[in-house]
Each structure stands twice: as structure tokens, then as C-alpha cells.
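Chain and residue survey
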Amino acid sequence: MRDNIETNYLIFVSSDGKKTGLDIFHERIEKNKWPIYNRTPQLLNVSQGKHVVFYIAGSGDKRQSFVANGRIKNVIENKTTVIDDNQEFKKVLFYVEFENMKIFDQEINIKDHIDNLNFIKNKDKYGLYFQGGICKINKESYEYIVNKH
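This one's a predicted model, so the numbers in the text were calculated from it and none came from an experiment.

To continue, consider the pairing of strand β5 (residues 92-109). Here strand β2 (residues 34-37) pairs with β5 via four bridges, running antiparallel. When the bridges of β5 are listed, P35 appears paired with Y95. Pairing of strand β4 (residues 65-77) with β5, which is carried by ten bridges, proceeds in the antiparallel orientation. Along β5, the bridge assignment pairs V75 with V96.

Note on aromatic pairs: each is described by the distance of the centres and the angle between the planes. Per the stated rule, a full pass over the model turns up 14 aromatic pairs. For the ring pair W34 and F54, a centre distance of 5.3 Å and an interplane angle of 50° mean the geometry is tilted. Here the residue W34 occupies a position in strand β2, and F54 occupies one in strand β3 (residues 51-56), the gap between them amounting to 20 residues. Accessibility assignment for this pair places W34 and F54 in one class, buried. Relative to F98, the ring of F54 has its centre 5.0 Å away and its plane inclined at 80°; by these criteria the two rings are edge-to-face. One end of the pair, F54, is in strand β3; the other, F98, is in strand β5, and 44 residues separate them in sequence. Here F54 and F98 have matching classes, each one buried. Through a chain of ring-to-ring contacts, three or more aromatic side chains come together here, namely F12, F25, W34, F54 and F98. The ring of W34 is capped by R28, whose NZ or CZ atom sits 4.8 Å from the centre of that ring.

Let's shift gears to the sheet that holds β3. Read from one edge to the other, the open sheet built from six strands follows the order β2-β5-β4-β3-β1-β6, with strand pairing classed as mixed. Both outer strands of the open sheet, β2 and β6 (134-136), are each paired with one neighbouring strand and no more. For this sheet, the mean inter-axis angle between neighbouring strands, taken without regard to orientation, is 40°.

This part covers the nonpolar core. Core analysis: the largest hydrophobic core is formed by 23 residues, its most contacted members being I11, Y55, F66, I110, I120, F130 and I145. For this core, the secondary-structure elements that each account for two or more residues are β1 (9-14), β3, β5 and α3 (139-148). Among the elements that make up this core, the one with the highest residue count is α3 (four residues). When near neighbours in sequence (up to four residues on either side) are disregarded, I11 contacts V53, Y55, F66, F119, F130, G133, I134, C135, K136 and I137. Listed in part, the 18 residues of the second largest apolar core include L10, V67, A68 and F98.

What counts and how
- Residues numbered from 1 in each chain as written.
- Predicted model: local features only at pLDDT ≥ 70, side-chain atom pairs only at ≥ 80, totals over all residues.
- Heavy atoms only, no water.
- Pairing = 2+ DSSP bridges.
- Helix = DSSP H or I, 4+ residues; strand = E, 2+ residues; numbered from the N terminus.
- Phe/Tyr/Trp six-rings, centres within 6.5 Å; stacked < 30°, edge-to-face > 60°.
- Buried < 20%, exposed > 50% of the residue type's maximum accessible area, 1.4 Å probe, protein only.
- Lys NZ or Arg CZ within 6 Å of the ring centre and 35° of its normal.
- Axes fitted to C-alpha atoms, helices over the stretch in contact; angles between N-to-C directions.
- Core = buried A, V, L, I, M, F, W, Y, C linked by side-chain atoms within 4.5 Å.
- Contact = heavy atoms within 4.5 Å.

Structure, rendered in C-alpha cells:
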């Protein structure tokens, strides 16, 4: 496990595709159905009971911000071959449903809080920590984010 970061806390990243990252986030949360692709990092760490904070990447509204938190309620196996409309050519392995969702009243811009997020070692290259759709976060940084909203 890299940097001894705990795996009970994850960041789900929504980035621009055919829609903005924020629109994709809202669409997935409304349906309570988040697709997990075959090449997603942290695939093995996605399981029931994990705590999740949601981050919007890309260039649209609320970009580079945390916007919500919740907990994984279910992991649902995908029994058919599905290509996500928003992310071309990515095969969906399974879907995640959430519980205890809290959409933040105000987004938490990473640039305003980066010095307090100790899972990010290289503050100048923070974007690297959000690549791949799902990444690990330590308990202290997770709690810092959810207590800021």
C-alpha cells in the first residue's frame, strides 16, 4: 500500500467527458449508480462501507473542488457489456450505490485547503493525486474535508 494510506477512505473523481464533470456527477448521484470501469485504479478497494468524498476535476463549474461525501452501500456486478455514454470506450465492470449522501452547500476548492490535505505530498502537482477516477485518501484529510462543508 503506497504511503500507508488507509483504504477505508476513497475519492471518487468526476471529470469532463461528453458533459462537464459536475453534470456527470449530478447524473450519477441522481440515479445512485456510479460506473466503475475495467481499468480503474483502486478497483479492489471499492467495497461496501467505504467512506467516499466526491471531487470534480476538469474545466467546468465547481472544478478542482470537493462537492459531496457518502458511503458505499452496494457494489452491483454488471452482467452486460455497457459502454458509458459520458466516457467513450470504457467498459463498465460494476456499479456503486451510495448511502448517507451529503451534497455540500458550498464546494470546497482544493487550492484553498491544499496545505491541510496531508495525503497530497507534492502540493504543486496536486492534480496527479486525482487521476484514474478513484484514489485513496487518509482519514485525517477525509475528515478535514467533510467537516469544512
